Amino acid sequence: NNETSVPQLLIRDLKFEKSFAKLMFSPDQENHPSKAPVKYGELIVLGYNGSLPNGDRGRRKSRFALFKRAKANGVKPSTVHIACTPQAAKAISNKDQHSISYTLSRAQTVVVEYTHDSNTDMFQIGRSTESPIDFVVTDTVPGSQSNSDTQSVQSTISRFACRIICERNPPFTARIYAAGFDSSKNIFLGEKAAKWKTSDGQMDGLTTNGVLVMHPRNGFTEDSKPGVWREISVCGNVFSLRETRSAQQRGKMVENETNQLQDGSLIDLCGATLLWRTAEGLSRTPTVKHLEALRQEINAARPQCPVGFNTLAFPSMKRKDVVDEKQPWVYLNCGHVHGYHNWGNKEERDGKDRECPMCRSVGPYVPLWLGCEAGFYVDAGPPTHAFSPCGHVCSEKTTAYWSQIPLPHGTHTFHAACPFCAHQLAGEQGYIRLIFQGPLD
């Protein structure tokens, strides 16, 4: 019986020797353990398989590393002013000082001044390309091949969406807050924004479409389970979700949860979702080198097409969008892997559904692509499973984890999606085990 699942093909050859284990650690750890700048963590945008469609440029890229700054730029709340006119509020919020303005009515605005904090670093994320934004994030269009696909969409991501404050001293705790300071160092919550006075007399509020956060249970490991989505306020308090994204009424405050990010926390900005990975978490994650070694192992096992008997091979990571003639294809209903062929194409089925020559099950037939964004993997297992319907391949535990995560979609729905391309998952599980045929010789 030549039908073997990949794990058996792989495990025969894989020897996790010391040299191989070394690939598991990030390159900056290997080379200069002492000189490396302190890395707080990385933000990775879901829906991109290692880079943006037109390439990563400047502050617009698919992943962003947060390093300790040469000089602290964090801020903390200080003086609270109650101004009776908008003009008075403008006078209070001077351009050289960070402040948050809460407009309560035409007659009253509360301005909270923020002062320099030498113990923290601040990083800002949003759609704006103005200088206060460190990481520019645009709307993710599932499966889009170029940025031109994404430009026509009216963006729902705020220009100054959120800020992350990292402690400059160990354990380098990172906290998230809704809204970011604009070019005049101000956050302005207008009359329509949800805002309120807290029990200790401070002000707090929510942004129009909100900043949602989900912390996984059991960290970001092969034992991870989805957590509960919460909304984070401008002051970093935690709330249950509003009825819809921009509803005026805030959710209930969740006292026993915090805005502290942990390895695997998801941040949703209403149009793009980011994964937070801590530096420590990344050191345990497979690297691109490790994924490349797994790709070469699978190709070295010379899987064959059971129809054409030609040898199949996953294309190199650089060619991740162009279908190669040796590319493996899969029948999504059964998991049998083939090369591309025209067999079983029924015209009356719009050419979408095909009949598998091995087991006669009918369903979509798609090319397989390796998941190249190592930060999405929960373990270092071999690439044995594929998401359905997109065909992105990764480890079994990684497909199982992402298929359980309800990701925010639009203003009030949630659905599971492939982390590599953001396509909504389909089928009973959202993924399939791949069945390869070994070489006949």
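Since the model is a prediction, treat every value here as computed from it, not as a measurement. (Residues numbered from 1 in each chain as written. Predicted model: local features only at pLDDT ≥ 70, side-chain atom pairs only at ≥ 80, totals over all residues. Heavy atoms only, no water.)

Structural notes on the overall build of the protein
The helix and strand tally for the protein stands at eight helices and 29 strands. Among the 441 residues that make up the protein, the fraction classed as buried is 53%. For the protein, restricting intrachain contacts to residue pairs at least 6 apart in sequence, the fraction spanning at least 24 positions comes to 64%. Here the protein has roughly 20,700 Å² of accessible surface; of this, 49% comes from carbon and sulfur atoms. (Helix = DSSP H or I, 4+ residues; strand = E, 2+ residues; numbered from the N terminus. Buried < 20%, exposed > 50% of the residue type's maximum accessible area, 1.4 Å probe, protein only. Contact = heavy atoms within 4.5 Å. Areas by Shrake-Rupley, 256 points an atom, 1.4 Å probe, with all protein chains shown as cover.)

Some details on the sheet that holds strand β5 (residues 99-105)
Strand order in this open sheet of four strands is β4-β6-β5-β11, and the pairing throughout is mixed. Either end of the sheet is taken by a strand with one partner, and the two such strands are β4 (74-83) and β11 (186-189). Here the strands of the sheet are splayed against their neighbours by 20 degrees on average, with no regard to which way each runs. Judged from the four bridges that link them, β5 and β11 form a sheet pairing that is parallel. Each residue of the ladder has a partner; that of Tyr102, found in β11, is Leu189. (Pairing = 2+ DSSP bridges. Axes fitted to C-alpha atoms, helices over the stretch in contact; angles between N-to-C directions.)

Observations concerning the packing of aromatic side chains
For the coordinates displayed, the defined rule picks out 16 aromatic pairs. Between Tyr40 and Phe123, the aromatic rings sit 6.1 Å apart at their centres with planes inclined by 70 degrees, giving edge-to-face as the arrangement. Taken together, the residues span a long stretch of sequence, with Tyr40 in strand β2 (residues 39-45) and Phe123 in strand β7 (residues 120-126) at a distance of 83 residues. You'll find Tyr40 and Phe123 in the same group, each marked buried. (Phe/Tyr/Trp six-rings, centres within 6.5 Å; stacked < 30°, edge-to-face > 60°.)

What about the nonpolar core?
Core analysis: the largest hydrophobic core is formed by 45 residues, its most contacted members being Leu43, Leu66, Ile125, Ile164, Ile176, Ile267 and Leu269. Every residue in contact with Leu66, bar those within four places of it in the chain, is listed here: Val38, Lys39, Tyr40, Gly41, Leu43, Phe123, Ile164, Cys166 and Trp276. Counting 31 residues, the second-largest nonpolar core is a separate cluster that includes Leu291, Phe387, Cys390 and Ala400. (Core = buried A, V, L, I, M, F, W, Y, C linked by side-chain atoms within 4.5 Å.)

Section: the state of the cysteines
Note: disulfide means a covalent bond formed between the sulfur atoms of two cysteine side chains. Taken as a whole and assessed by the stated rule, the structure comprises zero disulfides. The structure places no disulfide on Cys356, whose sulfur is separated from the nearest cysteine sulfur, that of Cys334, by 3.7 Å. (Disulfide = S-S within 2.5 Å.)

Some points on the environment of Ile133
In this fold, Ile133 is placed in the loop between β7 and β8 (135-136). The exposure class assigned to Ile133 is buried, which follows from its relative accessible area of 0%. For the pair Ile133 and Arg163, spaced 30 residues apart in the sequence, the C-alpha separation amounts to 9.1 Å. Filtering out sequence-adjacent residues up to four positions away, Ile133 remains in contact with Arg59, Gln124, Ile125, Gly126, Ser128, Arg159 and Phe160.

A closer look at helix α7 (residues 288-300)
Here α7 spans 18 Å end to end across 13 residues, near enough to the 18 Å set by a 1.5 Å rise per residue. For α7, every residue scored as buried is listed here: His290, Leu291, Ala293, Leu294, Arg295, Glu297, Ile298 and Asn299. Just past α7, the residue Arg302 takes up positive phi, approximately 45 degrees. (Expected span 1.5 Å × (residues − 1).)

Structural notes on the pairing of β7
Among the seven residues of β7, seven are classified as buried, and the element is accordingly described as predominantly covered. With burial as the criterion, each face of β7 is covered, one bearing Thr120, Met122, Gln124 and Gly126 and the other bearing Asp121, Phe123 and Ile125. With six bridges connecting them, β7 and strand β9 (residues 162-167) associate as antiparallel partners. Its bridge partner lying in β9, Gln124 is registered against Arg163. Across two bridges, β7 lies against β8 in parallel orientation. Bridge pairing links Ile125 to Phe135 in β8.

Structural notes on the pattern of salt bridges
For side chains bearing opposite charge, pairing can occur when the charged atoms are close. The tally for this structure, following the rule as stated, stands at 15 salt bridges. A salt bridge links Arg159 to Glu130; the shortest N-O distance between them is 2.8 Å. Placement of the pair is Arg159 in the loop between α5 (148-151) and β9 and Glu130 in the loop between β7 and β8, with a sequence separation of 29 residues. The class for Arg159 is partly exposed, based on a relative accessible area of 38%. Measuring nitrogen to oxygen at the nearest pair gives 3.1 Å for the salt bridge that ties Lys397 to Glu222. Highlighted residues: Lys397 in helix α8 (residues 396-403) and Glu222 in the loop between β14 (211-214) and β15 (230-232), separated in sequence by 175 residues. Exposure remark for Lys397: the relative accessible area of 38% places this residue in the partly exposed category. (Salt bridge = Lys/Arg side-chain N within 4 Å of Asp/Glu carboxyl O.)

A closer look at the pairing of strand β22 (residues 362-367)
As judged from the three bridges shared by strand β19 (residues 329-331) and β22, these two strands associate in the antiparallel manner. Considered in β22, the bridge of Val330 is made with Val366. Alignment of strand β21 (residues 353-355) against β22, held across three bridges, turns out to be antiparallel. The residue of β22 that forms the bridge with Arg354 is Gly363. Between the antiparallel neighbours β21 and β22 lie six residues, among them Arg360 with a positive phi of about 70 degrees.

Here's the deal with the environment of Pro383
Residue placement: Pro383 occurs in the loop between β23 (369-370) and β24 (385-387). Here Pro383 falls in the buried class, since its relative accessible area comes to 5%. Put simply, Pro383 and Leu434 are 51 residues apart on the chain and 8.9 Å apart in space, counted from C-alpha to C-alpha.

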